Amino acid sequence: MTPETLSDIWVYLAASPLLALTMTLVVYQAAQWLYGRAGRPALLNPVLVSVVCLVAILVATGTTYQTYFEGAQFIHFLLGPATVALAIPLYRQFEKVRRSALALIVSLLLGSLTAMGTALGIGYVMGLDHVSLVSLAPKSVTAPVAMGIAEKLGGLPSLTAVFVIVTGILGGSLGPLLLDRMKIGDPAARGFALGTASHGIGTARALQESEVAGAFSGLAMGLNALATAILLPLIWSFLG
Amino acid sequence: MLQALTVILLCQLAGEIISAASGLPLPGPVIGMVILFASLVIRQGVPKDIGAAGDALLSNLSLLFVPAGVGILQHASRLKDEAGAVAAALVGSTLVTIAVTAFVMNRLGPGRRCRRPGSNPAETRGDQG
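All figures in this text were calculated on a predicted structure; none of them were measured in a lab.

> Tell me about the overall build of chain A, and name the residues and values.
Within chain A one finds 13 helices and zero strands. Secondary structure elements in chain A, listed N-terminal to C-terminal, are α-α-α-α-α-α-α-α-α-α-α-α-α. The principal-axis extents of the C-alpha atoms in chain A amount to approximately 70 × 45 × 30 Å. Within chain A, the fraction of its 240 residues that count as buried is 51%. Counted over contacts in chain A with a minimum sequence separation of 6, partners at least 24 positions apart contribute 62%.

This is the structure we're talking about:
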């Protein structure tokens with residue numbers, strides 16, 4: 001096979017969604033295998049490893065993100081149904097959730113304000129411009145909501161999406177280590193903290209710990225989306 | 001399986017319609033989650049195939065974030081200039097948020113005497129006072 005036919009095949013494949021879709025699945029499963037094989041170290045978080053590998057492949061082959069996304073959108077689409085499906089672990093744990101309603105509301109409000117306040121505070125001190133700041137502030141909220149909030153306040157939604165994913169990876173990988181250090185063993189508190197700070201990726205991690213942690217995490221993700229959508233515009237106009 | 005997926009998609013679709021029509025700041029899927037939750041409460045149980053479809057979706061939840069994460073490509077130049085500040089804000093804010101939320105929840109929550117995940121739930125009851 002000559003190099004010309006090889007690149008012809010590449011061009012042909014790159015034009016259909018099949019290649020990006022298959023590539024994403026293969027890379028993710030390889031990343032998961034590596035993660036399990038290496039003893040689940042925080043740095044080898046499968047989302048992080050997959051993103052780094054895929055970015056490297058796209059850059060090396062000169063493929064644009066738009067071309068990649070034509071295939072990857074089929075995976076991206078499933079985020080919606082998966083969010084709906086979070087109702088299932090929540091229902092299964094409903095009794096536990098109801099018993100701690102007051103604790104949940106207080107923790108949520110303090111957690112949500114902390115997430116926005118510290119992001120804005122640290123970003124401001126470090127000299128971020130207006131656009132970056134407002135794109136950063138909703139970073140703890142699930143991607144579609146965060147993007148909507150950022151857009152409304154004059155940020156860049158696609159930049160917010162990146163901040164949201166990085167926040168999720170950070171929370172999902174470092175969060176459990178921090179919680180271990182704080183000697184917090186209660187699965188409800190662990191899950192709720194992971195979901196408040198790092199939305200769906202934190203919830204994915206919490207689901208691996210236990211269904212209780214996953215249910216509280218999914219609940220926190222939904223509630224923090226609501227809290228941030230209401231509070232951030234108020235805080236932002238107050239800071240003016 | 002097909003029925004279960006249809007139910008989940010119908011919940012999402014209803015959520016999207018409510019979100020668009022009401023101007024609520026919540027996205028369709030989150031409203032869809034509330035709708036599915038409410039119907040499970042009314043049915044008083046999770047139908048077997050819906051449980052299976054949901055578990056299949058949720059067991060690979062982190063895969064679903066990969067395509068959005070690759071979007072970092074589009075912002076390479078802005079991020080190059082602001083990498084330090086952004087990294088400090090993301091790491092600092094995320095860890096402080098987890099610590100504050102878990103601390104408060106652990107202080108107030110019903111599981112505050114739990115030492116280990118999954119330890120006896122009976123002893124965590126009735127100690128609200």
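We are not done yet, so read on.
> Outline the overall build of chain B, listing residues and values.
Per the secondary structure count, chain B includes five helices and zero strands. For chain B, the α and β elements follow one another from N to C terminus as α-α-α-α-α. Looking at chain B as a whole, 42% of its 129 residues are labelled buried. If you take every contact in chain B between residues at least 6 apart in sequence, the share linking residues at least 24 apart comes to 33%.

> Mind laying out the interface of chain A and chain B, listing which residues take part and the relevant values?
Every contact between the two is made by 96 residues of chain A and, on the other side, 69 residues of chain B. The element contributing the most residues to the side of chain A that touches chain B is helix 12 (residues 187–209) of chain A, with 16 residues. Taken together, the residues of the side of chain A that touches chain B sort by class into 62 nonpolar, 28 polar and six charged.

> Got a sec to walk through helix 2 (residues 28–43) of chain B? Specific residues and values, please.
Spanning 16 residues, helix 2 of chain B covers 22 Å between terminal C-alpha atoms, matching the ideal 22 Å at 1.5 Å per step. Along helix 2 of chain B, the positions that sit buried rather than exposed are B:Gly28, B:Pro29, B:Val30, B:Ile31, B:Gly32, B:Met33, B:Leu36, B:Phe37 and B:Leu40. Among the structural elements, helix 5 (79–85), helix 6 (87–92), helix 10 (143–152) and helix 13 (211–239) of chain A together with helix 1 (2–22) of chain B are those in contact with the buried residues of helix 2 of chain B. Positive backbone phi, approximately 55 degrees, marks B:Gln44, located one or two places after helix 2 of chain B.

> Describe the UniProt feature "transmembrane region" (unreviewed entry) in chain B, with residues and values.
Residue and element names in this part refer to chain B. Residues given the UniProt feature "transmembrane region" (unreviewed entry) here are residues 30–46, 58–77 and 83–105. Helix makes up 82% of residues 30–46 and strand makes up 0%, while its end C-alpha atoms are separated by 19 Å. Helix makes up 45% of residues 58–77 and strand 0%, and the two end C-alpha atoms of the span are 34 Å apart.

> Explain the UniProt feature "transmembrane region" (unreviewed entry) in chain A residue by residue, including any values.
Residue and element names in this part refer to chain A. UniProt records the feature "transmembrane region" (unreviewed entry) at residues 12–31, 43–65, 71–91, 103–126, 159–179 and 215–239, using the numbering of this structure. Along residues 43–65, the helical share is 74% and the strand share 0%, with 25 Å between the first and last C-alpha atoms. End C-alpha to end C-alpha, residues 215–239 measures 35 Å, and it is 100% helix and 0% strand.

> Just give me the short version of the nonpolar core, but keep the residues and values in it.
For soluble globular proteins, the rule of thumb is that nonpolar side chains tend to be buried together. Counting residues in each nonpolar core, the largest one holds 105 residues, and the members touching the most others are A:Ala85, A:Ala87, A:Ala193 and B:Val66. Tallying contributions element by element places helix 13 of chain A first for this core, with twelve residues. Once residues lying within four places of it in the same chain are set aside, the contact partners of A:Ala85 are B:Ile8, B:Gly54, B:Leu57 and B:Leu58.

> Tell me about the environment of A:Ala204, residues and numbers included.
Structurally, A:Ala204 can be placed in helix 12. Taking the C-alpha atoms as reference points, A:Ala204 and A:Gly191, separated by 13 residues in sequence, lie 9.9 Å from one another. Excluding anything up to four places from it in sequence, A:Ala204 contacts A:Gly172, B:Leu61 and B:Ser62.

Reading guide: rules and limits
- Residues numbered from 1 in each chain as written.
- Chains lettered and ligands numbered in written order.
- Predicted model: local features only at pLDDT ≥ 70, side-chain atom pairs only at ≥ 80, totals over all residues.
- Helix = DSSP H or I, 4+ residues; strand = E, 2+ residues; numbered from the N terminus.
- Buried ≥ 20, exposed ≤ 12 C-beta atoms within 10 Å, placed from the backbone.
- Contact = placed C-beta atoms within 7 Å.
- Nonpolar A, V, L, I, M, F, W, Y, C, P; charged D, E, K, R; others polar.
- Expected span 1.5 Å × (residues − 1).
- UniProt positions renumbered as here; feature names shortened; annotations may be inferred.
- Core = buried A, V, L, I, M, F, W, Y, C linked by C-beta atoms within 7 Å.

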